[in-house]
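# Structural characterization, general
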Amino acid sequence: MLGLAQRAGLQVLAQEHLTVPTDKGAHAGSKVAALVAGMVAGADSIEDMDLLRHGGMAPLFTGIYAPSTLGSFLRSFAFGHVRQLGAVAARFVADLAARTPLLPDAGQIADLDVDDTIRATYGYAKQGAGYGYSGVKGLTALIAALSTPGAAPVIVATRLRTGSANSARGAARLVADALKTSRAGGASGLLVIRADSAFYGRDVIAAIGRAKARFSITARQDVAVKRAIASISEDAWTTIRYPHAVFDEQLGQWVSDAEVAEVPFTAFASRGRKHAVTARLIVRRVRNQNPDHLVADDQGERSRRGATTPCSPTRPW
């Protein structure tokens, strides 16, 4: 695996693009390669990097560094150096995709999924740690993963934020970087960005538009969205049945059938024509089984009010 990384240019790219100051940043390419080798071998801390010096490792590898040396190297990073390392990663993914069947069929269709995750940290001195929406003290990371029908997801962009950062912070820049890397990695065909309602914002969608990609982003039920949903006529709904039951988190129950409908929708219109985005709003509704929210009509039937879940689907710009 490290041989493939070397052929794809990992060490050379890191040496060319990383400019960590003082002697701690010397031989940046070899140090980055050593860190990657340690992680591949199972290391998840600086102390674990000592496994590179165990057994017969020395005859196999050159440039093996002590954990303290690698720790000093990483602690010398400023935000600019993290961005440099991101540039190395982007170029490395593109080189790797050119040498291996990493993303088959990417030239036809590919999906780019964007989401955030939080990693718990412990102790009081961890820089940037904080309590986020999940109630867990840790660091929050944004991740963009590219996949095709015949390939597992490949991480093409990441961004680490403080634990208290909201999901959308820095998302527009991450999406722009991920789209650029995806194109460089061979995703030259239809490229669809998928994200939940935390990323429903003008800046994110504008970044997608500049890259001439498409999007499927869950829309929050604000006043404009509710008005669009209310305009859907009853004969516009199409019944769909799932081959297996689907768990609906909003209702807290399993759902085996639902109805979908489509309506034109213009988002962010309140910000002016320059910022408005017109797309299709696809709405899914299921029968609400919660008696506290059901409203009986004149014929004693129970309506499905409040059981809609809107999302904006893929649409060409």
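Structure shown above.
Read on for an overview of the structure. (Residues numbered from 1 in each chain as written. Predicted model: local features only at pLDDT ≥ 70, side-chain atom pairs only at ≥ 80, totals over all residues. Heavy atoms only, no water.)

## Some details on the packing of aromatic side chains
Inclusion rule: Pairing of aromatic rings covers Phe, Tyr and the six-membered ring of Trp, with a centre-to-centre limit of 6.5 Å; geometry is then stacked below 30 degrees between planes, edge-to-face above 60, and tilted otherwise. Throughout, exposure labels follow a simple rule: accessible area from a 1.4 Å probe, protein chains only, divided by the maximum for the residue type, with under 20% read as buried, over 50% as exposed, and the rest as partly exposed. Secondary structure elements are defined from DSSP: runs of H or I of at least 4 residues count as helices, runs of E of at least 2 residues count as strands, and each element is numbered from the N terminus. Only Lys NZ and Arg CZ are tested; either one counts as a charge over a ring when it is within 6 Å of the ring centre and within 35 degrees of the ring normal.
Going through the model one piece at a time under the given rule, you end up with 3 aromatic pairs. Ring centres of F73 and F77 lie 5.1 Å apart, and the angle between their planes is 85°; on these two criteria the pair is classed as edge-to-face. For F73, a relative accessible area of 0% translates into the label buried. Residue classification places F77 among the buried positions, given a relative accessible area of 17%. Each ring, one from Y200 and one from F268, has its centre 5.3 Å from the other, and the planes form 35°; the classification is tilted. Of this pair, Y200 sits in the loop between strand 5 (190-195) and helix 8 (202-210) while F268 sits in the loop between strand 8 (253-267) and strand 9 (277-285), and the two are 68 residues apart along the sequence. Both residues of the pair, Y200 and F268, count as buried. Seen from the ring of Y65, K31 lies directly overhead, with NZ or CZ sitting 5.6 Å from the centre. For the cation-ring pair, R285 lies above W237, with the distance from its terminal atom to the ring centre recorded as 4.0 Å.

## A short note on the packing of helix 7 (residues 171-184) against helix 8
Between two packed helices, both the angle of their axes relative to each other and the distance between the axes serve to describe the pair. To keep things clear, this is the line we draw: Here the axes come from fitting lines to C-alpha atoms, over the contacting stretch only for helices, and the angles between their N-to-C directions go from 0 to 180 degrees. Each angle is binned into one of four classes, with values under 35 degrees roughly parallel, values over 145 roughly antiparallel, values of 65 to 115 roughly perpendicular, and all other values oblique. Each crossing is labelled by how the near helix is turned from the far one, with a counterclockwise turn of less than a right angle marking it left-handed and a clockwise turn marking it right-handed. Only heavy atoms matter for contacts: two residues are in contact if any of them lie within 4.5 Å across the pair. In the scheme used here, Gly and all other residues not listed as nonpolar or charged are polar, with Ala, Val, Leu, Ile, Met, Phe, Trp, Tyr, Cys and Pro taken as nonpolar and Asp, Glu, Lys and Arg as charged.
Direction vectors running N to C along helix 7 and helix 8 enclose 15°, while the axes themselves pass 8 Å from each other. In terms of axis orientation, helix 7 runs roughly parallel to helix 8. As for the relative orientation of helix 7 and helix 8, their crossing is right-handed in sense. Along its contact with helix 7, which presents A171, A172, V175, A176 and L179, the element helix 8 presents D203, V204, A207 and I208. By residue class, the composition of the contact of helix 7 with helix 8 is 8 nonpolar, no polar and 1 charged.

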